[in-house]
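Each chain, letter by letter, is given below.
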Amino acid sequence: MVAREAAAVATPAEARAAGLDQEDLLLIYRHLLVTRGIEERGHILYRQGKIPGSFYTGRGNEAGAVGVGFAMGLDDVGCPIQRDMGVHIARGTEPWRIFAQYLGRVDGFARGRDGNVHMADFRLGLVAMVSHLPAMAPVAVGAALAFRLRNQPRVAVAWSGDGATSRGDWHEALNFAGVRQLPVVFVIDNNGFAYSTPNALEFPSGRLADRATGYGFEGVVVDGTDVLAVHREARRAIEKAREGGGPTLLEIVTLRMEGHAVHDDAFYVPKGLHEAWAKRDPIERYRAFLAEHVPGFAEERDDAIRLEVKQLLNEAVRRADESPLPDPATVLDGVYVDPAELDAPHHK
Ligand SMILES: Cc1ncc(C[n+]2csc(CCOP(=O)(O)OP(=O)(O)O)c2C)c(N)n1
């Protein structure tokens, strides 16, 4: 292996060295619970026939997503994918709007017009994904190039799955970013499977992070069940990019604890693997860390945070359900631009 393998974060002192105080540690826990809670409730709404289309979850990937999202700066930009609900939560997305998106309502990010997974709150520096994977990697590189040209101290973060790294556009994105040493961090959520294809049939190199060397920058492998290690490595990579140190490739080794989407029972996953993953649940791991290191957590804080999250999500579902479906008469709104509104020089 050429890539660096990140060490675990085992103590609050190590977390502090990565910039996290005790309140941050508890906030990260809350983000993990909100992330999982939203997807669990979404799954129920789907089974009730209330969510049109399909439904994707990132169960097992919460620490990978929250860890990176929490490390981003306010003005940074990210292009998360279908496993990264935690990025939306860590950046402050309002849960009720996510439920409105799931339910196809006007208060969803796509205003009830697009697949429920194509979502992001643009005001929070997030760009919604399209289904073509990893089409957002070149978009993030474009954002990084713009930051460079404008001399802005901002960083772009591009997510993709392991399967998506076999596509040409992923390699083109890394090559261009490496040539120009752009302020971009590439994150791979390596959950072991591209739909039903296991890693061993996807790529011949030992680790995907090793590929970074070929593009002239560093690759790091991180245990995606360790939210604090993910955060520390993401923060390092992001700040390095901000200071002109160029891109980093973070391979987050994570778990896909459910099928590709809710229609998939994942029959192809080897027997016993789901049970083994359940024992490595990233949220349980973090809960054990907090119980050991944060005074009063196991006795009262844990219950209080869980109750607060439950109430928040109850209220979020209720509020989303009040949001109307889009008026069919407006279906063409936002599809075609009015030429009079165009002010780009090449349109004049
Ligand atoms: C260009 C393209 N080809 C095929 C698909 C269909 N597709 C959707 S998800 C998926 C598997 C992606 O696997 P991976 O990148 O590992 O991400 P994961 O779903 O495991 O998070 C495929 C093949 C697609 N969305 N885009």
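About the criteria used
Every chain is numbered independently, its residues counted from 1 as its sequence is written. Note on the predicted model: pLDDT of at least 70 is required for a residue's local features to be given, and 80 or more for side-chain atom pairs to be given and counted; whole-chain, interface and lining totals, by contrast, use all residues. Based on all heavy atoms of the structure, the side-chain values leave hydrogens and waters out of the count. We define a salt bridge as a contact between a side-chain nitrogen of Lys or Arg and a carboxyl oxygen of Asp or Glu at a distance within 4 Å. Secondary structure elements follow DSSP: runs of H or I of four or more residues count as helices, runs of E of two or more count as strands, with numbering from the N terminus. Put simply, buried Ala, Val, Leu, Ile, Met, Phe, Trp, Tyr and Cys residues joined by side-chain atoms within 4.5 Å make one nonpolar core. Partly exposed residues are those whose accessible area sits between 20% and 50% of the maximum for their type, while under 20% is buried and over 50% is exposed, using a 1.4 Å probe and protein chains only. When we say a residue is near a molecule or strand, we mean one of its heavy atoms is within 4 Å of it. N or O atoms within 3.5 Å of each other form a polar contact, as long as, within protein, one can give a hydrogen and the other can take it, and as long as residues adjacent in sequence are counted only when both atoms are side-chain atoms. Only the protein chains shown count as cover for residues, and all accessible areas are computed by the Shrake-Rupley method using a 1.4 Å probe. Lys, Arg, Asp and Glu make up the charged group, whereas Ala, Val, Leu, Ile, Met, Phe, Trp, Tyr, Cys and Pro make up the nonpolar group; the residues left over, Gly among them, are polar. To estimate how far a helix should reach, multiply one less than its number of residues by 1.5 Å. By definition in these notes, contact holds between two residues if any of their heavy atoms fall within 4.5 Å. Computed over the protein atoms alone on a 1 Å grid, cavities are sets of points where a 1.4 Å probe fits but cannot get out and pockets are open sets with protein on both sides within 12 Å along at least five of seven lines; a residue lines them when it has an atom within 4 Å of a point. Grid points are joined across faces, edges and corners, and a volume is the space filled by probe spheres set on the points. Helix axes use the C-alpha atoms of the stretch in contact, all axes being lines fitted to C-alpha atoms, and the angles between their N-to-C directions lie in the range 0 to 180 degrees. Comment on the angle field: the value is read as roughly parallel under 35 degrees, roughly antiparallel over 145, roughly perpendicular from 65 to 115, and oblique elsewhere. By the definition used in this description, the sense in which the near helix is turned from the far one sets the handedness, with an anticlockwise turn below a right angle giving left-handed and a clockwise turn giving right-handed. UniProt positions are given in the numbering used here, feature names are shortened, and annotations may be inferred rather than shown by experiment. To count toward a patch, a residue needs a relative accessible area above 30% and no salt bridge. Like charges then connect within 9 Å, nonpolar side chains (Val, Leu, Ile, Met, Phe, Trp, Tyr) within 5 Å. Two strands form a pair only when DSSP identifies at least two bridges running between them.

Visitor: Any chance you could explain the pattern of salt bridges here in plain terms?
Guide: When charged atoms on two side chains of opposite charge get close, those side chains can pair. For the structure on display, the rule yields 25 salt bridges. When the shortest N-O distance is used, the salt bridge between Arg-280 and Asp-223 registers 3.9 Å. In this pair, Arg-280 is assigned in the loop between α10 (273–278) and α11 (282–293) and Asp-223 in strand β7 (residues 218–223), connecting sequence segments 57 residues apart. Several salt bridges converge on common partners, so that one network encompasses Arg-4, Glu-218, Arg-232, Glu-233, Arg-236 and Lys-240.

Visitor: Quick question: what am I supposed to make of the nonpolar core here?
Guide: Note on soluble globular proteins: their nonpolar side chains tend to be buried together. In terms of nonpolar packing, the biggest core is built from 91 residues, with Ile-28, Ile-38, Phe-186, Leu-228, Tyr-286 and Leu-290 touching the most fellow members. The element best represented in this core is helix α2 (residues 22–47), accounting for 9 residues. Grouped together as the second largest cluster of nonpolar side chains are 7 residues, Phe-193, Met-257, Tyr-268 and Trp-277 included.

Visitor: Teacher, can you tell me more about the site of the ligand here?
Guide: The local shell around the ligand holds 15 residues, among which Arg-83, Ser-131, Gly-163, Ala-164 and Phe-193 are the closest. Between the ligand and the protein, one listed contact pairs a nitrogen atom with a backbone N or O atom of Leu-133 at 3.2 Å. Between an oxygen atom of the ligand and a side-chain N or O atom of Asn-191, the distance comes to 3.1 Å. Notes on the ligand: free accessible area 590 Å², of which the protein chains cover 71%. Looking at the shell around the ligand, its residues break down into 5 nonpolar, 7 polar and 3 charged.

Visitor: Explain helix α12 (residues 297–322) to me, please; I cannot follow it from the model alone.
Guide: Every α-helix carries 3.6 residues per turn, so stepping three or four residues along brings you back to the same face. Compared with an ideal rise of 1.5 Å per residue, which puts 26 residues at 38 Å, α12 spans 36 Å between its outermost C-alpha atoms and is within 8% of the ideal. Taken together, the buried positions of α12 are Phe-297, Asp-302, Ile-305, Val-309, Leu-313, Ala-316 and Ala-320. At its buried positions, α12 is contacted by α2, α5 (95–102) and α11.

Visitor: Explanation requested: empty space enclosed by the protein in the structure shown.
Guide: The method is simple in principle: a probe with the dimensions of a water molecule rolls over the atoms, and the space it marks as empty is what remains. Under the definition given, this model contains 1 cavity of 30 Å³ or more. What the largest cavity holds in volume is close to 120 Å³. As for the largest cavity, its lining consists of 14 residues, and the residues nearest its centre are Ile-81, Gln-82, Met-85, Val-117 and Met-119. Residue composition of the lining of the largest cavity, by class: 9 nonpolar, 3 polar and 2 charged.

Visitor: Sorry, what's going on with the packing of α5 against α12 here?
Guide: Helices that pack against each other are described as a pair by the angle of their axes relative to one another and the distance between those axes. Two elements in contact, α5 and α12, have axes whose closest approach is 8 Å; the angle formed by their N-to-C orientations is 45°. When the interaxial angle is binned, α5 and α12 end up oblique. In the crossing of α5 with α12, the sense of the turn from one axis to the other is right-handed. Each of Pro-95, Trp-96, Phe-99 and Ala-100 in α5 lies in contact with α12, whose residues at this interface are Leu-312, Leu-313, Ala-316, Val-317, Arg-319 and Ala-320. Residues of the contact of α5 with α12, tallied by class, amount to 9 nonpolar, no polar and 1 charged.

Visitor: Please clarify how the UniProt feature "domain: Dehydrogenase E1 component" (unreviewed entry) in the chain should be interpreted in this entry.
Guide: Mapped onto the present numbering, the UniProt feature "domain: Dehydrogenase E1 component" (unreviewed entry) falls on residues 34–328. End-to-end, the C-alpha atoms of residues 34–328 are 33 Å apart, and along that stretch the chain is 44% helix and 11% strand.

Visitor: Sorry, what's going on with a nonpolar patch on the surface here?
Guide: On the surface, Val-331, Leu-332, Val-335 and Tyr-336 cluster together into a nonpolar patch covering about 460 Å² of accessible area. Relative to the helices and strands, Tyr-336 resides in the segment after α12. Since its relative accessible area comes to 66%, Tyr-336 is described here as exposed.

Visitor: Explanation requested: the environment of Lys-50 in the structure shown.
Guide: On the secondary structure map, Lys-50 appears in the loop between α2 and α3 (62–71). Judged by relative accessible area, which is 44%, Lys-50 ranks as partly exposed. Separated by 54 residues in the primary sequence, Lys-50 and Gly-104 place their C-alpha atoms 9.2 Å from one another. Filtering out sequence-adjacent residues up to four positions away, Lys-50 remains in contact with Leu-45 and Leu-103. A polar side-chain atom of Lys-50 sits 3.4 Å from a polar atom in the side chain of Gln-48.

Visitor: Which parts of the structure should I look at to understand the side chain of Asp-169?
Guide: As for its placement among the helices and strands, Asp-169 is situated in helix α7 (residues 168–180). Look past the residues within four positions of Asp-169 in its chain and what remains in contact with it is Pro-134, Ala-135 and Pro-138.

Visitor: Explanation requested: the sheet that holds strand β8 (residues 248–253) in the structure shown.
Guide: For sheets, the rule is that strands pair by backbone hydrogen bonds, running either parallel or antiparallel. Pairing is parallel across the open sheet formed by 6 strands, whose spatial order is β1-β7-β8-β4-β3-β2. In this open sheet, the two strands that pair with only one neighbour each are β1 (4–5) and β2 (77–79). Taken together, the 2 bridges between β1 and β7 define a ladder with parallel strand orientation. When the bridges of β7 are listed, Arg-4 appears paired with Val-220. Of the strands in this sheet, β3 (156–161), β4 (184–190) and β8 are in contact with α7, which crosses β4 at around 150°. Along the sheet, helix α9 (residues 227–242) contacts β1, β3, β4, β7 and β8; its crossing angle with β7, the most-contacted strand, is approximately 160°.

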